[in-house]
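Observations on chain architecture
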Amino acid sequence: MIIPLRNCCCFVLLINVLLFAGACKKKSNPAPTADPTLQSTAPFLMGSAVGSDAIKGSYNYQGTLINEYNSVTSDYQLKFDWVEPQQGVFNYADGDYIVAFATQHHMRVHAHNFIWHQALPNWVINFQGDSLAWENLFKTHIESEATHYKGQVASWDVVNEAIRDDDGTLRNKDVNPGDGSIWRQHLGADYIARAFQYAHEADPNALLFYNDYGQEWGGVKLDSIIALVTSLKNRGIPISGVGMQMHIDINASNAGITAALKRLAATGLKVHISELDISVNPNNDPNIVFTSDLQTTQAAKYRFIAETYRATVPAAQQYGITTWEFCDADSWIPAFFHRKDWPLLFDSDYKKKAAYFGLLKGLKD
Ligand code: XIL
């Protein structure tokens, strides 16, 4: 058969396109392994914080993420300073990349976050204006971001870390540098409720969370968080759940973790273990070695958390467990606290650690 030259070129082009598509597919979608994975084992969604650069930069990162997880949280790409570096100038490129990647791989997207006292751009820190002007910048930021991602993300951390560690009051003016919240200072105590309302008006289908750390300590911090979210719920403010960050270390009290999960479950709201990692070097020992004893202790803690979450939070309220990244090389802890640490499930070569197998056991046994 004689194929006209033009058709022949098209045919060759088509074959090349198909081969290229096949090659790309192979690289970004590693063949599923027969081994159980976190997502195939968990009775709820398993999430990880992810960075757009990390996804772009490593096939191992992509492969592990797609294989193990079915939910992602944006690590820093949707925070205030990243999204609105200048007033009214919005940068959604990195957030869009994460959302597109997650959508392509059928993962839920949990967005983090609208309102936090950290990760603020200078224009907000230095903003001069009356309470109306503050309300306007606050509302515009939430509405713009929520509208941009409407229908594309399942849920949001609306307000992050609003409550003080020492006395359980709302962060207000700085006590220690970096500790205060300009939001409370300029907008009054009910800014939290209004943040939820603005987010809900812009994206009525998104589930909205209050997110904080230190709930496993119990005491005033947990009391205040429970009081806050209960009062929001009772007032009809559109809150769907609470994120328990769980940046813990191997010495964290099991009783404290159980008690916090029980009290959060009793609010009737969804409970998300939202930023889990388990530090093995809380005392900043510069000479620390990640011994097999430390690995075993860390694995047992991961296991305990999964078992306790399953046992204490009713299935309908289980929003899932999210680790804050998954590979030790990508953890925020060494850079943030200037120390060696190995808080996550995979080592820096993406090899499964004892911690991974501990968590896997806790998800099913
Ligand atoms: C961390 C990010 O992972 C880092 O990249 C950044 O430098 C600091 O913030 N609690 C939170 C997260 O709610 O937003 C923080 O993320 C970790 C602590």
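Rules behind the numbers
- Residues numbered from 1 in each chain as written.
- Predicted model: local features only at pLDDT ≥ 70, side-chain atom pairs only at ≥ 80, totals over all residues.
- Heavy atoms only, no water.
- Phe/Tyr/Trp six-rings, centres within 6.5 Å; stacked < 30°, edge-to-face > 60°.
- Buried < 20%, exposed > 50% of the residue type's maximum accessible area, 1.4 Å probe, protein only.
- Lys NZ or Arg CZ within 6 Å of the ring centre and 35° of its normal.
- pLDDT = per-residue confidence, 0-100.
- Contact = heavy atoms within 4.5 Å.
- Helix = DSSP H or I, 4+ residues; strand = E, 2+ residues; numbered from the N terminus.
- Near = heavy atom within 4 Å.
- Polar contact = N/O pair within 3.5 Å; in protein donor to acceptor, adjacent residues only side chain to side chain.
- Areas by Shrake-Rupley, 256 points an atom, 1.4 Å probe, with all protein chains shown as cover.
- Nonpolar A, V, L, I, M, F, W, Y, C, P; charged D, E, K, R; others polar.
- Axes fitted to C-alpha atoms, helices over the stretch in contact; angles between N-to-C directions.
- Parallel < 35°, antiparallel > 145°, perpendicular 65-115°, else oblique.
- Left-handed = near helix turned anticlockwise from the far one by under 90°.
- Expected span 1.5 Å × (residues − 1).

1. Structural notes on the packing of aromatic side chains
Enumeration according to the criterion identifies 26 aromatic pairs in this entry. Ring geometry for Trp 123 against Phe 127: centres 6.4 Å apart, planes inclined by 80°, an arrangement best described as edge-to-face. Assigned by exposure class, Trp 123 and Phe 127 land together as buried. A network of ring pairs unites the aromatic residues Phe 80, Trp 123, Phe 127, Trp 134, Phe 138, Trp 183, Tyr 191 and Tyr 198 as a single cluster. Residue placement shows Lys 56 over the ring face of Tyr 97; its charged tip is 4.7 Å from the ring centre. The side chain of Lys 221 reaches across the aromatic face of Tyr 213, ending 3.6 Å from its centre.

2. So, the confidence of the model for the protein chain
In the predicted model, the protein chain carries a mean pLDDT of 92, and 91% of its residues have values of at least 70. Low pLDDT, under 50, characterises residues 1-28; the stretch is placed with five contacts to residues that sit more than four places away or in other chains.

3. Quick look at the environment of Pro 204
Tracing the sequence through the fold places Pro 204 in the loop between helix H10 (191-202) and strand E5 (207-212). The partly exposed category is assigned to Pro 204, whose relative accessible area is 42%.

4. Observations regarding the site of the ligand
All residues in the neighbourhood of the ligand are listed as Asp 75, Lys 79, His 112, Trp 116, Asn 160, Glu 161, Gln 245, His 247, Glu 275, Trp 324 and Trp 332. Separating an oxygen atom of the ligand from a side-chain N or O atom of Glu 275 is a distance of 2.9 Å. Out of a free accessible area of 410 Å², the ligand has 78% covered by protein chains. A per-class count over the shell around the ligand returns three nonpolar, four polar and four charged.

5. Comments concerning unusual backbone geometry
Here His 112 and Asn 113 are connected by a cis peptide whose omega angle stands at -5°. One can find Asn 113 in strand E3 (residues 108-115). Positioned with a positive phi, Glu 325 is a non-glycine residue whose angle comes to about 70°. Structurally, Glu 325 is set in the loop between strand E9 (318-323) and helix H14 (333-337). When its relative accessible area of 4% is taken as the criterion, Glu 325 is described as buried. Its identity as a non-glycine residue notwithstanding, His 338 has a phi of 50°, on the positive side. With respect to the secondary-structure elements, His 338 resides in the loop between H14 and helix H15 (354-364).

6. Some points on the packing of helix H13 (residues 292-312) against H15
Packed helix pairs are characterised by how far apart their axes lie and by the angle those axes make with each other. Two numbers describe how H13 lies on H15: the axes approach to 7 Å, and their chain directions differ by 25°. The orientation of H13 relative to H15 falls into the category roughly parallel. Between H13 and H15 lies a crossing of right-handed hand. Every residue of H15 that contacts H13 at Gln 295, Gln 298, Ala 299, Tyr 302, Arg 303, Ala 306, Glu 307 and Arg 310 is listed here: Ala 354, Ala 355, Gly 358, Leu 359, Lys 361, Gly 362, Leu 363 and Lys 364. Looking at the contact of H13 with H15, its residues break down into seven nonpolar, four polar and five charged.

7. Focus on helix H12 (residues 254-266)
With 13 residues, H12 extends 18 Å between its outermost C-alpha atoms, agreeing within 8% with the 18 Å of an ideal straight helix rising 1.5 Å per residue. Its side-chain oxygen at 3.3 Å from the backbone nitrogen of Ala 255, Ser 253 defines the N-terminal cap of H12.

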